[in-house]
Amino acid sequence: MHAAKLRTELSRLLDTPLAVHRNEILGKHRSMQAILKGQCPVVLYPAGRMATTAAALLHSRGVSIRGLCDTNPARWGQTIRGLPVICPQQVAEWGGAVAVLVASSLHDSAIRAFLATLGCPNVYSMPYLNHCLPDVFISREYARMTESPFLPGARENIIRLFDLLADDASRAVLANKIRYYLSLDKQL
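Let me begin by describing the structure that accompanies this report.

Definitions and limits used
Residues numbered from 1 in each chain as written. Predicted model: local features only at pLDDT ≥ 70, side-chain atom pairs only at ≥ 80, totals over all residues. Heavy atoms only, no water. Helix = DSSP H or I, 4+ residues; strand = E, 2+ residues; numbered from the N terminus. Buried < 20%, exposed > 50% of the residue type's maximum accessible area, 1.4 Å probe, protein only. Contact = heavy atoms within 4.5 Å. Areas by Shrake-Rupley, 256 points an atom, 1.4 Å probe, with all protein chains shown as cover. Lys, Arg positive; Asp, Glu negative; His and termini not counted. Charge placed at Lys NZ, Arg CZ, Asp CG, Glu CD. Expected span 1.5 Å × (residues − 1). Polar contact = N/O pair within 3.5 Å; in protein donor to acceptor, adjacent residues only side chain to side chain. Phe/Tyr/Trp six-rings, centres within 6.5 Å; stacked < 30°, edge-to-face > 60°. Lys NZ or Arg CZ within 6 Å of the ring centre and 35° of its normal. Axes fitted to C-alpha atoms, helices over the stretch in contact; angles between N-to-C directions. Parallel < 35°, antiparallel > 145°, perpendicular 65-115°, else oblique. Left-handed = near helix turned anticlockwise from the far one by under 90°. Nonpolar A, V, L, I, M, F, W, Y, C, P; charged D, E, K, R; others polar.

**Points about the overall build of the chain**
Here comes step 1: Along its length, the chain carries nine helices and six strands.
Here comes step 2: Of all 188 residues assigned to the chain, the portion counted as buried reaches 44%.
Here comes step 3: Within the chain, contacts between residues separated by at least 24 positions form 64% of all contacts whose residues are at least 6 apart in sequence.
Here comes step 4: Carbon and sulfur atoms form 56% of the exposed surface of the chain, whose accessible area is close to 9,700 Å².
Here comes step 5: Side chains of the chain give 21 positive and 14 negative charges; the mean places of these two sets differ by 4 Å.

In structure tokens:
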């Protein structure tokens, strides 16, 4: 894609109202209503600090927490803050009866890819969790990500940066980054 086409695409993204982007994000992802109403139990993965903190906050809101999951066999069967640590194969056996909430910003993509190989159908990504529950799934990497291109002066600075970039490959990276911020979809 050459510069003019990339610039047109970038302008289209930035000219689309934030509410439209938010609605598209919600439309592309599985609803969290059954989880938030306690109707679908969850497992948080991996069994780290973010997961245990999120589990406590979710439990206080009535979410049914089945446990934590981790790939480290040394942790299986342990209890962390009253929650059992479960192996990924057990979660896979439960299938869609439980939702897996990925509580890792660093390894989100790898965790989701691994769970997909096990056939886990009900997995929620960290960016989406942060988007829906930013006070529970706290992440500097994703904080206000979707809103950031709409902050005062951001549009002009993004376009200025685009125009300063020396080649189409760099411009495509910037456009893809903004597209990701506004869709939470790494596949676009």
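**Quick look at helix α9 (residues 168-183)**
Here comes step 1: If you check α9, its first and last C-alpha atoms are 22 Å apart, about what 16 residues at 1.5 Å a residue would give, namely 22 Å.
Here comes step 2: Against α1 (3-15), α2 (18-28), α7 (126-132) and α8 (154-164) lie the buried residues of α9.
Here comes step 3: Capping of α9 at its N-terminal end is provided by D167; its side-chain oxygen lies 3.1 Å from the backbone amide nitrogen of A169.
Here comes step 4: Two residues or fewer after α9 comes L184, characterised by a positive phi angle close to 60°.

**Points about the packing of aromatic side chains**
The description of two aromatic rings rests on the distance between their centres and on the angle between their planes.
Here comes step 1: All told, the structure shown has one aromatic pair when counted by the stated rule.
Here comes step 2: Their ring planes at 20° and their centres at 6.2 Å tell us that Y124 and Y128 sit as a pair that is stacked. A single burial state applies to Y124 and to Y128, both of which are buried.
Here comes step 3: Above the plane of the ring of W94 lies R66, whose end atom (NZ or CZ) is 4.5 Å from the centre.
Here comes step 4: One cation-aromatic arrangement involves R171 over F162; the distance from NZ or CZ to the ring centre is 5.9 Å.

**Quick word on unusual backbone geometry**
Here comes step 1: Residue P46 is bonded to the preceding Y45 through a cis peptide linkage, with omega at -5°.
Here comes step 2: Its location among the elements puts P46 in the loop between β1 (42-45) and α4 (49-60).
Here comes step 3: The phi torsion at R144 lies on the positive side, around 55°, for a residue other than glycine.
Here comes step 4: With respect to the helices, strands and loops of the structure, R144 is situated in the loop between α7 and α8.
Here comes step 5: Since its relative accessible area comes to 53%, R144 is described here as exposed.

**Remarks on the packing of α8 against α9**
Here comes step 1: The N-to-C vectors of α8 and α9 enclose an angle of 155°; their axes lie 9 Å apart at closest approach. By the angle between their directions, the pair α8 and α9 is classed as roughly antiparallel. The way α8 lies across α9 gives a crossing that is left-handed. Along its contact with α8, which presents I158, L161 and F162, the element α9 presents R171, L174 and I178.
Here comes step 2: For the contact of α8 with α9, a count of residues per class yields five nonpolar, no polar and one charged.

That is the geometry; function is a separate question.
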